Each structure stands twice: as C-alpha cells, then as structure tokens.
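Listed here are the chains, written in short residue letters.
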Amino acid sequence: MRLDAEIWAAGHRTPLAFGHAEWTAWCYLATTGDAPHERSGALCLHDPRAGCDSATVPGLPWGRALTLRAQAGLTVIAPGWLAHSVLPVIAGAAVLTARA
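In this text, all values refer to a predicted model and were calculated from it rather than measured experimentally. (Residues numbered from 1 in each chain as written. Predicted model: local features only at pLDDT ≥ 70, side-chain atom pairs only at ≥ 80, totals over all residues. Heavy atoms only, no water.)

> Help me understand the overall build of the chain, please; the structure alone is not making it clear to me.
The helix and strand inventory of the chain stands at 0 helices and 8 strands. For the chain, the succession of helices and strands along the chain, N to C, is β-β-β-β-β-β-β-β. Of all 100 residues assigned to the chain, the portion counted as buried reaches 31%. Pairs at least 24 apart in sequence give 87% of the contacts found in the chain among residues at least 6 apart. As displayed, the chain has an accessible area near 6,300 Å², and 60% of this comes from carbon and sulfur atoms. (Helix = DSSP H or I, 4+ residues; strand = E, 2+ residues; numbered from the N terminus. Buried < 20%, exposed > 50% of the residue type's maximum accessible area, 1.4 Å probe, protein only. Contact = heavy atoms within 4.5 Å. Areas by Shrake-Rupley, 256 points an atom, 1.4 Å probe, with all protein chains shown as cover.)

In structure tokens:
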C-alpha cells in the first residue's frame, strides 16, 4: 500500500485522473482558512464507462460527477478505475489530505 500526504493550497487542482491500484482512498485530515465557496478543494468522482454521460436520470447520480465537499474527517474509498478530480482551492484556504 502506498500512502501520500498532501497539502493543497490556493490554486491547487487535479484534472481528471485514475488510481493506480484496485482501490483508491482519500481522507481529508484538515481544512484551513475561510472558504466562501463550498466547492473549494472538493473531490469529484466521475464514471468513465462508455455511455455513462448519456444516462442522466433526474434524482440519480448517473451521468454526472459526484461532488464531495472538502471537510475534515471526510473519507472516501472508490474503485481504482473510477475517474476523479479535485476542484481548485480558493485563495486563503488550504486542505491537508492523505491518499492511499
């Protein structure tokens, strides 16, 4: 198992990426600063399977990213094939994360 700890500061973002193992886990250890936008540093999970973008169903998450707000204690475990991204962290904020 590989474990990385990262500090995401203002301007940090992760474009669409995939894990390198069967499972990927993220844990938001701490957030600092005033984040006036609730999506600052948010983790987004995207289903890369063919046709998923055209399967939007009202009230269900298919066909769009699942966006999880950055908050201390948030832990997410997902299959490694599931695409993920991180929305930009705003100025004056920072996020401390661990990823396995």
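The discussion continues.
> Any chance you could explain the environment of glycine 80 here in plain terms?
On the secondary structure map, glycine 80 appears in the loop between β6 (75-79) and β7 (83-86). Distance from glycine 80 to alanine 17, taken between C-alpha atoms, is 9.9 Å for residues 63 residues apart in sequence. The residues contacting glycine 80, other than those within four sequence positions of it, are Phe18, Gly19, Ala21, Glu22, Trp23 and Thr24.

> Is there a simple way to think about the packing of aromatic side chains in this case?
When we look at a pair of aromatic rings, we describe it by the centre distance and by the angle of the planes. Enumeration over the complete set of coordinates arrives at 1 aromatic pair. Between the aromatic rings of tryptophan 8 and tyrosine 28, the centroid separation amounts to 5.8 Å while the plane-to-plane angle is 90°, which identifies the pairing as edge-to-face. Note that tryptophan 8 is positioned in strand β1 (residues 4-9) and tyrosine 28 in strand β3 (residues 23-32), a separation of 20 residues in sequence. Given the relative accessible area of 4%, tryptophan 8 is considered buried. Overall, the relative accessible area of 1% leaves tyrosine 28 in the buried class. (Phe/Tyr/Trp six-rings, centres within 6.5 Å; stacked < 30°, edge-to-face > 60°.)

> Mind showing me how you'd approach the nonpolar core here?
Burial of nonpolar side chains together is a common tendency in soluble globular proteins. If you look at the biggest cluster of nonpolar residues, it comprises 15 residues, and the most contacted ones within it are Trp8, Trp26, Tyr28, Leu43, Leu45, Leu68 and Val76. Look past the residues within four positions of tryptophan 26 in its chain and what remains in contact with it is Leu43, Leu45, Leu74, Thr75, Val76, Ala78, His84, Ala98 and Arg99. (Core = buried A, V, L, I, M, F, W, Y, C linked by side-chain atoms within 4.5 Å.)

> Whenever I open this one, the sheet that holds β7 confuses me. Can you help?
Paired through backbone hydrogen bonds, the strands of a sheet run either parallel or antiparallel to each other. Strand order in the open sheet formed by 4 strands is β2-β7-β4-β5, with antiparallel pairing between adjacent strands. Each end of this open sheet is capped by a strand with a single partner; those strands are β2 (14-17) and β5 (66-68). Adjacent strand axes in the sheet meet at a mean angle of 15° when their direction is disregarded. Bridge count for strand β4 (residues 43-46) against β7 is 4 bridges, and the pairing is antiparallel. Bridging from a neighbouring strand, leucine 43 pairs with valine 86 of β7. (Pairing = 2+ DSSP bridges. Axes fitted to C-alpha atoms, helices over the stretch in contact; angles between N-to-C directions.)

This is a description of form; function is not addressed.
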